[in-house]
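A look at the structure
Each chain, letter by letter, is given below.
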Amino acid sequence: MVKLLDSYKKLLQIYTFSSNIIGTPYLPCRFVPSHQTRHGIRFKTSGADERTLQERQRQHMARGLPKQKPIAGVKEVIVVASGKGGVGKSTTAVNLALGIMANDQSKSVGLLDADVYGPSIPKLMNLKGNPELTDKNFMRPLVNFGIPCMSMGFLVEEVAPIVWRGLMVMSAIEKLIRQVDWGNLDYLVIDMPPGTGDVQLSITQNVPIAGAVIVSTPQDIALLDARRGAEMFRKVNVPVLGLVQNMSVFQCPKCSHQTHIFGSDGAKELAQTLGVEMLGDIPLHLNIRETSDKGQPVVVSSPDSPEAEAYRRVAAAVVHRLAAHPR
């Protein structure tokens, strides 16, 4: 434990973030370049000197960061994230995984619930119970609708609160990723917790990520946090595949009148600002809520519905983006 704490302190010291750039380490005095004083006053330098400084900073930071290691048996990892909770990220992650399989049944897809404090995958995928162990003490994912799933929700009681500090959470994430027998997967979809904290950094620093999908509602307050999430992935060199605008419009089931409850086209405008793709719109529909609460995601329970078709279009756009930008 002492060694672990020392390593964590070292990581924090090296990977201290500046106010405007994630990934720029704080340099102790002996590393302060000649054109910069100990008080942070910068002097004009040549382009060659600036490049040399940036390379020294990169090498110094790399010595303190973990090495990325692929997940055994997994070809590509897709993270589904949002800056804010309550925007339908987990529902999107579940239907994205199912949508990929619905579009191409030859593809194998897994689902990892990385939201340790508020795991939703067990409910959404109608799964209960504890994972069995293999002969090598690896956990076997629970499977439903052809999707192997792993979640902290399988390891604790359904209503038990998880009151852990950062180190314990990161240790749990490491086990959920590395000590699971995923088999052979074309895609592993990771449902990330909201925000830009320890879990996001731990996963992006330890696992090669093929791309990130950002989920947001069209309202301004959600878009602010969605932008922070997108910028975080860019800072840690994870490609942002695009944005999904969730709860984009409500259509009255009686008169078919459409109402933009959370605003209109906010995510589309943000995608243009960020220079990323708009992956699709998901409507605010009673069918999505009801099927999710029953553990029967709309893509499998109502495959012919417009809502399921919307998720399949998003899944197709994600796969297309991955093929266009292989890592």
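Structural notes, computed from the coordinates. (Residues numbered from 1 in each chain as written. Predicted model: local features only at pLDDT ≥ 70, side-chain atom pairs only at ≥ 80, totals over all residues. Heavy atoms only, no water.)

1. Observations regarding the pairing of strand β5 (residues 185-191)
- Across the seven residues of β5, seven count as buried, placing the element largely inside the fold.
- Where strand β2 (residues 109-113) and β5 come together, five bridges link them in parallel fashion. Bridged to glycine 110 within β5 is leucine 188. (Buried < 20%, exposed > 50% of the residue type's maximum accessible area, 1.4 Å probe, protein only. Helix = DSSP H or I, 4+ residues; strand = E, 2+ residues; numbered from the N terminus. Pairing = 2+ DSSP bridges.)

2. Observations concerning the packing of helix α5 (residues 166-178) against helix α6 (residues 198-206)
- It is at 10 Å that the axes of α5 and α6 come closest, and there the two elements cross at 40 degrees. Taken together, the axes of α5 and α6 are oblique relative to one another. For the pair α5 and α6, the crossing hand works out as right-handed. Judged by residue contacts, Gly166, Val169, Met170, Ile173, Ile177 and Arg178 of α5 engage Asp198, Val199, Ser202, Ile203 and Asn206 from α6.
- Its residues assigned to classes, the contact of α5 with α6 shows six nonpolar, three polar and two charged. (Axes fitted to C-alpha atoms, helices over the stretch in contact; angles between N-to-C directions. Parallel < 35°, antiparallel > 145°, perpendicular 65-115°, else oblique. Left-handed = near helix turned anticlockwise from the far one by under 90°. Contact = heavy atoms within 4.5 Å. Nonpolar A, V, L, I, M, F, W, Y, C, P; charged D, E, K, R; others polar.)

3. Brief notes about the environment of leucine 96
- Along the chain, the position of leucine 96 falls in helix α3 (residues 89-103).
- The spatial distance from the C-alpha of leucine 96 to the C-alpha of alanine 316 is 9.1 Å, given a sequence separation of 220 residues.
- With near-sequence residues (within four places) excluded, leucine 96 lies in contact with Val80, Val189, Val314, Ala315 and Val318.

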